[in-house]
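An overview of the molecular structure
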Amino acid sequence: MIQYILECIAFQLVFLVIYDFFLKRETFFQWNRAYLIGTYLLSLFLPWVKIEAFKTTVPERFVAYPEYLWNADGAVAVAASGGTGEVWSWETVVFLGGAVAATLLFGYKMWQLYQLRSNGEVRYFNEFTRIVIADSRMAFSFLKSIFLGDKVVAGDHENIIRHELVHIRQRHTWDLLFFEMMRIVGWFNPLVCVYQNRVSELHEFIADAEVAKGDKGVHYEYLLSQVFQAQNISFINPFFKSSLIKKRIVMLQKSKSKGIWKLKYLALAPILLGILFYTSCVREESLAQEDTQSQMKVDNINTMTDAQTQELYTILKKLSEGGDHWEFLLKDDSGSIRYRGSSTGSYIKFDGINEVIEATMVIESGDVAAGTKLTGKDSNGEVVPFSVVDEVPIFPGCENEADPRACFQAMVQKHIGKNFRYPEEALEKGIQGRVSIMFTIQKDGSIGNLRMRGPDALLEKEAARIIGTLPRMKPGRFKGELVNIPFSIPITFKLLGYNIQQGTVAPQNKIVPDGDEDVPFAVVEEVPIFPGCENAADPRACFQTNMQKHISENFRYPEEAQEKGIQGRVSVLFIIQEDGSIGSVRMRGPDKTLEDEAARIIGMLPKMTAPGKQGGKAVQVPFSIPITFKLQGDVSLRSMKVPSSSYDENSGLFHVKITDGTKALPGANVYVLGKNIKEVTDFDGNATVRADRNDLVAVQYKGFSDVRLKVAD
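Keep in mind that what you see is a predicted model, and the values were worked out from it rather than measured.

Looking now at the sheet that holds strand E13 (residues 433-441). Within the open sheet, the three strands sit side by side as E14-E13-E17. Their pairing is antiparallel. Edge strands, defined here as strands with exactly one partner in the open sheet, are strand E14 (447-453) and strand E17 (485-493). Shown here is a sheet whose adjacent strand axes are inclined to one another by a mean of 20°, direction ignored. Pairing of E13 with E14, which is carried by five bridges, proceeds in the antiparallel orientation. Paired with Ile437 across the strands is Met452, a residue of E14. Across the sheet, helix H12 (residues 404-419) is in contact with E13 and E17; its angle to E17 comes to roughly 40°.

Once that is clear, we can look at the sheet that holds strand E26 (residues 653-659). As a general point, the strands of a sheet are linked pairwise by backbone hydrogen bonds and lie either parallel or antiparallel. Strand order in the open sheet formed by three strands is E25-E26-E29, and the pairing between neighbours is antiparallel. Two strands bound the open sheet, and with one partner strand each, they are strand E25 (641-648) and strand E29 (686-690). Neighbour-to-neighbour, the strand axes of the sheet open up by a mean angle of 20°, direction not taken into account. With six bridges joining them, E25 and E26 adopt antiparallel strand pairing.

Turning to helix H15 (residues 539-554), a few remarks are in order. When the terminal C-alpha atoms of H15 are compared, their 22 Å separation across 16 residues agrees well with the 22 Å that a helix rising 1.5 Å per residue should span. Along H15, the residues that are buried comprise Cys542, Phe543, Asn546, Met547, His550, Ile551 and Asn554. Around the axis of H15, the buried residues are gathered within 165° of arc, so they sit on the same side. Among the exposed residues of H15, those oriented more than 90 degrees off its buried face are Thr545 and Ser552. Packed against the buried residues of H15 are strand E20 (568-576), helix H17 (592-603) and strand E24 (621-629).

Looking now at the state of the cysteines. Under the defined criterion, the tally for this structure stands at two disulfides. What pairs with Cys398 in a disulfide is Cys407, and their sulfur atoms sit 1.9 Å apart. Between Cys398 and Cys407, the disulfide has an S-S torsion of -80° and is therefore left-handed. For the residue pair Cys398 and Cys407, the accessibility class agrees, reading buried in each case. Between the sulfur of Cys533 and that of Cys542 lies a disulfide, 2.0 Å long from S to S. Across the disulfide from Cys533 to Cys542, rotation about the S-S bond amounts to roughly -80°, and the bridge is consequently left-handed.

Despite not being glycine, Asp135 shows a phi value in the positive range, around 55°. You can see Asp135 is positioned in the loop between strand E2 (129-133) and strand E3 (139-142). Located in the positive-phi region is Asn694, a residue other than glycine, with phi close to 75°. Note that Asn694 resides in the loop between E29 and strand E30 (696-700).

With that settled, consider helix H1 (residues 2-23). Here H1 is 22 residues long and its end C-alpha atoms lie 31 Å apart, about the 32 Å a rise of 1.5 Å per residue gives. All buried positions along H1 are accounted for by Tyr4, Glu7, Cys8, Phe11, Gln12, Phe15, Leu16, Ile18, Tyr19 and Leu23.

We now examine the environment of Ala207. Residue placement: Ala207 occurs in helix H7 (residues 191-211). Given a relative accessible area of 0%, Ala207 falls into the buried group. Spatially, the C-alpha atom of Ala207 lies 10.0 Å from that of His172, the residues being 35 residues apart in sequence.

What counts as what
- Residues numbered from 1 in each chain as written.
- Predicted model: local features only at pLDDT ≥ 70, side-chain atom pairs only at ≥ 80, totals over all residues.
- Heavy atoms only, no water.
- Pairing = 2+ DSSP bridges.
- Helix = DSSP H or I, 4+ residues; strand = E, 2+ residues; numbered from the N terminus.
- Axes fitted to C-alpha atoms, helices over the stretch in contact; angles between N-to-C directions.
- Contact = heavy atoms within 4.5 Å.
- Expected span 1.5 Å × (residues − 1).
- Buried < 20%, exposed > 50% of the residue type's maximum accessible area, 1.4 Å probe, protein only.
- Arc of directions from axis to C-beta.
- Disulfide = S-S within 2.5 Å.

So this is what it looks like as structure tokens:
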């Protein structure tokens, strides 16, 4: 806050220097009035403004997702306890004391005006109210009231009334009241008074210029030279003010400034640019400093040294002693853990140190096992990381293994590989990435407290399905007691590329470098330009229209597929490369003949006139489109084959493989009759469903007759 105040004052000083040296002597009074009020407001907002292009470091592009609490149900939002109160800092006391004093002073000035109005003779006119003060030569206005001494009224006061009416019509009092409020809030800032004085001068210049129009200028100057009494109130418009008389007469005699001198206001542009550059750099620097103070980076969280562990403990202990409202980030190159203060009974404990720290652990990303030297507790009981627990949970099949920990990890990987199925919608949209998963093997061996974070909800849903099919395990123990054991693992969804060569589809062996960016067609800022769409108002819609047109014009139903009665939809995914060419084509359909025809059609696509762009940079743009092959008339249904099926009674999982006799059938619907359980076969025709012995499992695939299987060994 102190830095903000200093920056505001500094910016105001810069603006005032520009005004005094370049603008003050010009007769552009209304422009100067707008300048003074506008720059004061700007000075209040500029410290908060930062321009991304001015940052000293450019942040990497990322997709933001809501933060999940990955540790336990005991981690809740922290709120201040009702039994404690905060003690005001001395800075707060000083600020409030000054604001109260400034408010009292403002109240005293308002009371003075009230007394003058109460004791004066009030008379109402159409545009103003006149208050005549006995035995006085004062002359000033406030809002719609004009205060005049009786000695002024007795003389020639017509020009004085005209002068004060200008103040009333142009609402000059509101300008001064605004700065009066700023004097209360910023009572410590002397530049507020300078601004108010400069604006008050302008008000008099504006009113003088209006009244002195015509041949009354000489008389008006004479009137100004007379002595009048004025109230010492900062937010009124006094007709007479000794410090202003000379300046007003000089301005009356001054020739009107030429319009070209308004270009002086352009001097504000480079000043604003410099201020924005300064605020952007300062905020970036301050954020970096803040990050340094609230985080600790190590080479590997899971293999921290004793010295690093002791340093972490010391930091967390000191933070916890300061109350519940704190957080700290521990990170390495691949993951991070966030620690937060807790008042709900959750704690973490360092191995070898008896004293606990009231906090929660939040595993945010990466292959992190919550720290090798940490245990803890949440609302469900003891929580001990997998890497620390004495007896790890026993995965079915690992009962007699010499290293159950390694067997557990291997079986989890095997389970994921066996049950992995790329979501069809994600495949069509070109969505890929890594889903970080955290779950707890609970005291009864079941899986619970599942948390995940990934690039898209489709991938997160599939990851949840895979973990949800994990079998019940023998629970883990720590120091002889059953405990909850968190376990984290990433599941990576990556689209494999294909290249088109002379109408055939061949796997692409080259791995795409990490530096290359793939931006889906639906979100890319500038879509690739299909030939003929260069001047289209909506290039995105034009691209899709021309794509459909290209497919229709080049579509040819394979004769072999017609003879065999093969039909269905081929899902095609390809990438418009950075040079506008088509590559990395992948497809999935009911038969190779349909896939080959889809590849031929896509292979005939022209090179795009311009590639897709994100942030002004050419990027690879994945695009998906389905091509439907449908035969007219009745078509005899083919028979599906089930070369293998098996049932694991321990896990309750039924495995089945579906083919057409020679080739696997991906995308077949597999469901348990009478239950809301449904799965889809993967690229190899495999599917796994949870079922009970003697359940009936049905398999459906378009163009094939249904198959029903009874669950048995």
